[in-house]
Amino acid sequence: MRNAAARIALLLAAVTHGAATADTASGQVLFQQKCAACHTIGEGDRIGPDLHDVGARRERAWLMRFVTDPQAMIAAGDPVAVRLYERYNRIVMPNLALDDTQASALLAHIDEVSRQHPASVAVGVATAPMPAPALRSPQSAILYGFIAATLLIVTVFVWVARSTRDPATVDTHRAYALRRVLFMAGLVCAITVLALTLPRTPYVQAATTPDRVIHVTARQFEFLFSDVAVDSTGDLLNVATSDRITVAADTLVEFRVTALDVNHGFGVYGVDRQLLAQTQAMPGYVNRVRVHFREPGHYPVLCLEYCAAGHHLMRAGITVE
Amino acid sequence: MRTIDTQTALWMAVTFILFPVLALLGITMRTVQAGGLEAMAGWFYPLMTLHGVGMVGVWYVAAMGCAASVLARHVAPSPLIGRIALAGTVIGVLMLLACVLLGRFAAGWYFLYPLPLHGEWPLWSAVLFLASLTVLGATWLVWSLDLLRAIAARFTLAQALGWHYLRGQTEPVLPPSLLIVTVSLIAGIAALVSAVIVIVLFALELLTGTSSDALLMKNLTFFFGHTLVNLSMYLGVALAYEILPDYAGRPWKTNPVVVVSWNTVLAIVLLAYLHHLYMDFAQPGGLQYLGQVASYASALPAAIVTIFGALLLVYRATMRWNLASILLFAGLAGWAIGGIGAVIDSTISANTRLHNTLWVPAHFHTYMLAGLVFLIAGYFAHLARPAATADASPRRDRTIALLLVGGAYGFFAMFYLAGAWSIPRRFAAYPAELAHGATTAGIAAAFATLFLAGFLYYALDTVRQWRTATRTD
Ligand code: HEM
Ligand SMILES: [Cu+2]
Ligand SMILES: [Cu+2]
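Residues numbered from 1 in each chain as written. Chains lettered and ligands numbered in written order. Predicted model: local features only at pLDDT ≥ 70, side-chain atom pairs only at ≥ 80, totals over all residues. Heavy atoms only, no water.

Of the regular secondary structure elements, chain A holds nine helices and nine strands. Counting all 321 residues of chain A, 47% fall into the buried class. Expressed as a percentage of contacts within chain A between residues at least 6 apart in sequence, the contacts between residues at least 24 apart total 66%. Of the roughly 15,300 Å² that chain A leaves accessible, carbon and sulfur atoms contribute 61%. (Helix = DSSP H or I, 4+ residues; strand = E, 2+ residues; numbered from the N terminus. Buried < 20%, exposed > 50% of the residue type's maximum accessible area, 1.4 Å probe, protein only. Contact = heavy atoms within 4.5 Å. Areas by Shrake-Rupley, 256 points an atom, 1.4 Å probe, with all protein chains shown as cover.)

Residue and element names in this part refer to chain B. Every protein donor of the iron atom of ligand 1 is listed here as His51 (NE2) and His365 (NE2), and their distances to the metal cover 2.0 Å. Classification of the site at the iron atom of ligand 1 as octahedral follows from its six donor atoms and the range of 87 to 179° in their angles at the metal. Of this pair, His51 sits in helix α2 (residues 44-71) while His365 sits in helix α13 (residues 359-384), and the two are 314 residues apart along the sequence. Each member of the pair, His51 as well as His365, carries the same accessibility label: buried. (Donors = N, O, S within 2.8 Å, 3.2 Å for Na, K, Ca; no water. Tetrahedral: all angles 85-135°; square planar, octahedral: opposite > 155°, others 65-115°.)

Attention shifts here to the packing of aromatic side chains. Tallying each qualifying case throughout the model produces 40 aromatic pairs over all chains. Measuring from ring centre to ring centre gives 5.2 Å for B:Phe19 and B:Trp59, while their planes differ by 80°; the resulting arrangement is edge-to-face. Taken together, the positions of B:Phe19 in helix α1 (residues 6-33) and B:Trp59 in helix α2 put the pair 40 residues apart, joining distant regions of the chain. In this structure B:Phe19 comes out as buried when scored by relative accessible area, which is 1%. Residue B:Trp59 is classed as buried on the basis of its relative accessible area, which comes to 4%. Plain terms: the ring middles of B:Phe44 and B:Tyr45 are 5.2 Å apart, the flat faces sit at 85° to each other, and that makes the pair edge-to-face. In terms of burial, B:Phe44 and B:Tyr45 fall into one category: buried. A network of ring pairs unites the aromatic residues B:Phe16, B:Phe19, B:Trp59, B:Phe380, B:Phe451, B:Phe455 and B:Tyr458 as a single cluster. We note A:Arg58 situated over the ring of A:Trp62; from NZ or CZ to the ring centre the distance is 5.4 Å. Positioned over the ring face of B:Trp43 is B:Arg104, at 4.4 Å from the centre of the ring. (Phe/Tyr/Trp six-rings, centres within 6.5 Å; stacked < 30°, edge-to-face > 60°. Lys NZ or Arg CZ within 6 Å of the ring centre and 35° of its normal.)

Before going further, it helps to examine the sheet that holds strand β2 (residues 222-226) of chain A. Residue and element names in this part refer to chain A. Strand order in the open sheet made by the four strands is β2-β1-β4-β7, with mixed pairing throughout. Of all the strands in the sheet, just β2 and β7 (287-293) have a single pairing partner and so form its edges. Between one strand axis and the next, the sheet turns by 30° as a mean value, whatever way the strands run. Inspection of the sheet shows strand β1 (residues 212-219) paired to strand β4 (residues 251-259) by seven bridges, in the parallel sense. From the neighbouring strand, Arg212 faces β4, where its bridge partner is Val253. (Pairing = 2+ DSSP bridges. Axes fitted to C-alpha atoms, helices over the stretch in contact; angles between N-to-C directions.)

Attention now goes to the pairing of β7(A). Residues and elements named next belong to chain A. By the criterion of burial, β7 is predominantly enclosed, with five of the seven residues buried. Direction of pairing for β4 relative to β7: antiparallel, over a ladder of seven bridges. Note on β7: the bridge partner recorded for Val257 is Asn287.

With that settled, consider the sheet that holds strand β6 (residues 275-281) of chain A. Residues and elements named next belong to chain A. Taken together, the five strands give an open sheet; going across it, the order is β3-β9-β8-β5-β6, and neighbouring strands pair in mixed fashion. Here the strands that pair on one side only, and so sit at the sheet edges, are β3 (244-247) and β6. Taking the axes of each pair of neighbouring strands and ignoring which way they run, one obtains an average angle of 20° across the sheet. Sheet topology places strand β5 (residues 264-269) next to β6; six bridges connect them, and they run antiparallel. Residue Gly267 lies in a different strand from β6, and its bridge partner there is Gln278.

With 85 residues of chain B in contact, the opposing surface of chain A contributes 81 residues. Both faces considered, chain B and chain A share a buried interface measuring about 7,300 Å² in area, 69% of it formed by carbon and sulfur atoms. Across the chain B-chain A interface, the total number found is three salt bridges. One salt bridge in this structure joins A:Asp166 and B:Arg316, with 2.8 Å as the shortest N-O distance. Counting across the interface, chain B meets chain A through 37 residue pairs in polar contact (both at pLDDT 80 or more). Of all the secondary structure elements, the ones that give two or more residues to the side of chain B that touches chain A are α2, α8 (214-248), α10 (285-314), α11 (323-345), α12 (348-354) and α14 (394-420) of chain B. In terms of residue count, α10(B) provides more of the side of chain B that touches chain A than any other element does, 12 residues in total. Of the residues in the side of chain B that touches chain A, the class split is 56 nonpolar, 18 polar and 11 charged. (Buried area = accessible area lost by both parts, 1.4 Å probe. Salt bridge = Lys/Arg side-chain N within 4 Å of Asp/Glu carboxyl O. Polar contact = N/O pair within 3.5 Å; in protein donor to acceptor, adjacent residues only side chain to side chain. Nonpolar A, V, L, I, M, F, W, Y, C, P; charged D, E, K, R; others polar.)

Residues and elements named next belong to chain B. Domain boundaries in chain B define domain 1 (1-73 + 75-144) and domain 2 (154-319). Placing a centre on the C-alpha atoms of domain 1 and another on those of domain 2 gives a separation of 21 Å. Counting from both sides, the interface comprises 27 residues of domain 1 and, opposite them, 31 residues of domain 2. At the boundary of domain 1 with domain 2, the tally comes to one salt bridge. Glu242 is the salt-bridge partner of Arg73, the closest N and O atoms lying 2.8 Å from each other. Taken together, the connections running from domain 1 to domain 2 amount to three residue pairs in polar contact (both at pLDDT 80 or more). (Domains from an automatic or database assignment.)

This next bit is on the coordination of the copper ion (ligand 2). Residue and element names in this part refer to chain A. Distances from the copper ion (ligand 2) to its protein donors, His264 (ND1), Cys303 (SG), Cys307 (SG) and Met314 (SD), fall within 1.9 to 2.5 Å. A gap of 2.5 Å separates the copper ion (ligand 2) and the copper ion (ligand 3), which Cys303 links by coordinating each metal. One end of the pair, Cys303, is in strand β8 (residues 297-303); the other, Met314, is in the loop between β8 and β9 (315-320), with 11 residues separating them in the sequence. Look at Cys303 and you get buried, because its relative accessible area is 0%. With relative accessibility at 0%, the residue Met314 sits in the buried group.

Let's shift gears to the environment of A:Phe146. With respect to the helices and strands, A:Phe146 occurs in helix α8 (residues 138-163). A relative accessible area of 5% places A:Phe146 in the buried class. Taking C-alpha positions, A:Phe146 is 33 Å from A:Ala168, a pair spaced 22 residues apart along the chain. Leaving out residues up to four positions away in the same chain, A:Phe146 has contacts with B:Ile337, B:Ile340, B:Gly341, B:Ile344, B:Trp359 and B:Tyr416.

Attention shifts here to the nonpolar core. Within the largest apolar cluster, 230 residues are counted, with the highest numbers of intra-cluster contacts made by A:Phe225, A:Phe255, A:Phe266, A:Phe293, A:Ile318, B:Trp262 and B:Tyr458. The greatest single-element share of this core, amounting to 22 residues, is contributed by α8(B). Discounting residues that sit within four places of it in the chain, A:Phe255 has contacts with A:Ile214, A:Val216, A:Phe225, A:Phe266, A:Asn287, A:Arg288, A:Val289, A:Val291, A:Phe293 and A:Ile318. Formed by 22 residues, the second largest nonpolar core is a distinct cluster that contains A:Ala36, A:Leu51, A:Leu63 and A:Phe66. (Core = buried A, V, L, I, M, F, W, Y, C linked by side-chain atoms within 4.5 Å.)

Moving on, we come to the environment of B:Leu287. With respect to the helices and strands, B:Leu287 occurs in helix α10. Sequence separation between B:Leu287 and B:Val100 is 187 residues; the distance between their C-alpha atoms is 35 Å.

Residues and elements named next belong to chain A. Taken as a whole, chain A shows an average pLDDT of 84; of its residues, 89% reach a score of 70 or greater. The element-level mean pLDDT for chain A is lowest in helix α1 (residues 4-17), coming to 41, with β5 highest at 96. Below a pLDDT of 50 lies the segment residues 1-21, which in the model reaches 36 contacts outside its immediate sequence neighbourhood of four places, other chains included. (pLDDT = per-residue confidence, 0-100.)

Another aspect to go through is the pattern of salt bridges. Across all of its chains, the model carries 15 salt bridges over all chains by this definition. The partner of A:Glu222 in a salt bridge is A:Arg219, with the nearest N and O atoms 2.7 Å apart. What makes A:Glu222 buried here is its relative accessible area of 0%. Here B:Asp461 and B:Arg464 are joined by a salt bridge, their closest N and O atoms 2.6 Å apart. Placement of both B:Asp461 and B:Arg464 in helix α15 (residues 436-472) is noted, with a separation of three residues, approximately one turn of the helix.

Below is the structure:
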């Protein structure tokens with residue numbers, strides 16, 4: 001359960017219900033630490049299946065065995081385990097070194113959450129293929145510029161190749177004069193482009209302040225938004241996090257992005273599903289990137305640095321209202 | 001009559017066997033991304049890793065093998081070291097195949113720290129991967145040093161870098177190919193040393209648990225990756241300098257402008273790697289700006305001196321067009337076109353919108369496949385086809401060239417288009433928002449198949465011609 005409000009409710013429930021729910025509370029901690037990156041309870045599939053009501057789907061003994069040693073079950077050819085493995089991109093669920101007490105605490109937690117919350121399909125994730133956006137973005141301008149340059153190069157090469165049908169001696173002095181002109185033109189061109197583009201870098205300028213600061217913590221295979229910084233997996237227990245966030249329209253947001261395990265890429269897409277801004281999420285570093293959310297709508301976040309098998313499934317969402 | 005020496009023939013064999021297999025992996029990846037071949041979906045990332053490391057490695061050794069054969073015309077590389085290079089490469093490749101096919105190792109071709117230690121693959125496969133890179137790195141380091149030694153036996157370092165031309169001397173005569181090979185070897189040694197440091201730091205973590213700084217490792221990794229890929233390309237260009245004059249019937253000589261240009265490249269190419277870290281905002285800002293300036297500065301001499309020089313060489317020459325010269329000429333065009341794509345991406349303000357989208361494979365495939373691969377294929381064609389039959393079948397040559405060029409550019413076009421649509425690179429499957437990524441992947445797979453058909457036709461024909469030539473010798 002990565003929904004902040006629900007998590008707090010759960011913690012409260014654990015505290016007020018006393019010993020009977022101590023099991024579920026430690027299950028909740030374990031789930032957050034060891035399972036949440038790949039599973040949700042009632043919010044849809046991630047790297048692994050949604051575990052909502054898994055206690056009703058499968059026998060208890062099977063679940064205990066699977067959770068404590070999934071790899072052995074797949075290796076042994078257990079038909080259910082193998083089917084799941086094939087279905088979920090042949091990603092083997094890791095052995096997480098759980099003992100039986102921890103496994104039952106986890107299963108109790110999953111049952112508890114399943115009972116309290118009906119399953120809901122994750123919001124903001126498109127399920128039907130969407131059509132290609134019109135090529136009107138800044139990216140398209142780049143593409144058209146590139147096509148123009150390519151056509152120029154092809155034209156020159158074809159023209160030179162065809163000139164060999166009509167051989168003649170070439171005046172090298174004139175050619176070198178032309179080279180000088182081309183070099184100077186290239187130099188002027190390069191300096192102009194440098195002068196125009198270098199001031200427009202995405203790095204945060206100290207002089208301005210953002211309307212809002214949001215912390216982003218990346219790990220295999222999820223992005224977690226929070227209001228305070230998360231420095232370690234342990235912090236995740238004390239900090240309310242979510243993989244979805246809502247922002248008011250026309251706000252300048254500063255994301256402070258870090259990672260807990262490997263490098264990830266925090267890529268913010270616009271409402272037109274074109275890349276709007278990005279920065280790397282690196283272990284041990286915080287990268288600050290600012291995004292001005294003008295239009296209301298859904299802004300998907302995708303992982304833009306390869307981070308192992310679940311990379312293409314690693315995502316989050318920003319809703320602008 | 002030209003003949004291929006045994007060593008070059010062996011490198012040709014390595015290339016002709018490994019490249020089609022690796023290209024087939026590429027076609028498989030595009031098909032999976034298009035939603036086909038569901039059974040292979042779980043293999044996407046291991047195959048991507050094998051394809052990436054394999055391709056970079058194969059074309060690096062092919063370029064080095066060709067460079068060694070060019071050097072052998074002017075100086076004397078050690079045949080023993082040549083054999084060691086071949087053996088070390090084969091052993092390294094076998095280890096690589098084992099860790100990917102048996103261990104499903106999948107950290108991507110530049111195995112960015114600390115991913116190799118945090119994947120779903122077993123630790124032994126990561127260790128085997130690093131061990132295979134150690135074998136390859138050590139082998140190639142020795143090989144590069146020996147080629148430099150061979151050059152040093154005839155030229156001082158200053159002469160091999162052409163500095164005497166700047167003082168107005170033209171003795172000793174330094175062929176441009178030798179100048180470029182020297183520049184590339186020096187850059188290559190720097191790159192390999194950086195790779196060694198990365199591997200040592202990985203080993204340290206494995207043995208003692210000391211972790212490294214992620215940003216430092218990224219700098220080292222891209223210094224190595226960027227430099228290795230670029231110098232392979234330069235070695236390919238050296239081949240054009242060496243044999244295009246044969247076909248144009250005009251000389252292509254070293255002069256002060258050529259010397260200044262390639263010395264500038266040596267100084268600047270080592271800084272250009274910084275453009276891989278633009279999206280690491282923690283990197284000191286000055287280095288980011290330096291990255292863009294260095295990237296632009298390394299493109300200019302290449303374009304104005306080498307491309308212009310090649311065009312001038314061919315312009316209104318009594319040109320002998322056959323498969324070799326067509327491929328060399330087209331290879332230079334591919335280098336230029338891919339270079340434009342790269343220069344665009346090396347602009348910081350464009351990089352925010354293009355970094356790690358398919359624009360990146362778009363431009364590096366352009367200069368690797370339609371640049372380096374064409375140049376080396378042209379060189380092999382040149383060696384294999386004895387002059388007497390060189391112009392024997394213009395129709396066959398044109399068919400091959402058409403398949404290669406048409407297939408390659410159709411394949412690239414889909415990458416560029418997808419890049420402009422912000423489709424991320426390295427996605428085994430595309431989310432519903434980016435479903436158009438799958439459409440472009442399908443079209444790309446078809447074009448790549450066309451290209452592969454052309455390459456197989458070319459390879460079989462080249463081997464056949466070479467065997468005919470050696471029999472009549
Ligand atoms: C017919 C030929 C080829 C095909 C069909 C092909 C296809 C592909 C595909 C589909 C990808 C994955 C793109 C993605 O990120 O989604 C890829 C990546 C790559 N290719 Fe190729 N490719 C070909 C030739 C080459 C050549 C000649 C080279 C280099 C000399 C090369 C080097 C690479 C590298 C380095 C990667 C990146 C791997 C990574 O991200 O770890 N490829 N290729
Ligand atoms: Cu990620
Ligand atoms: Cu990722």
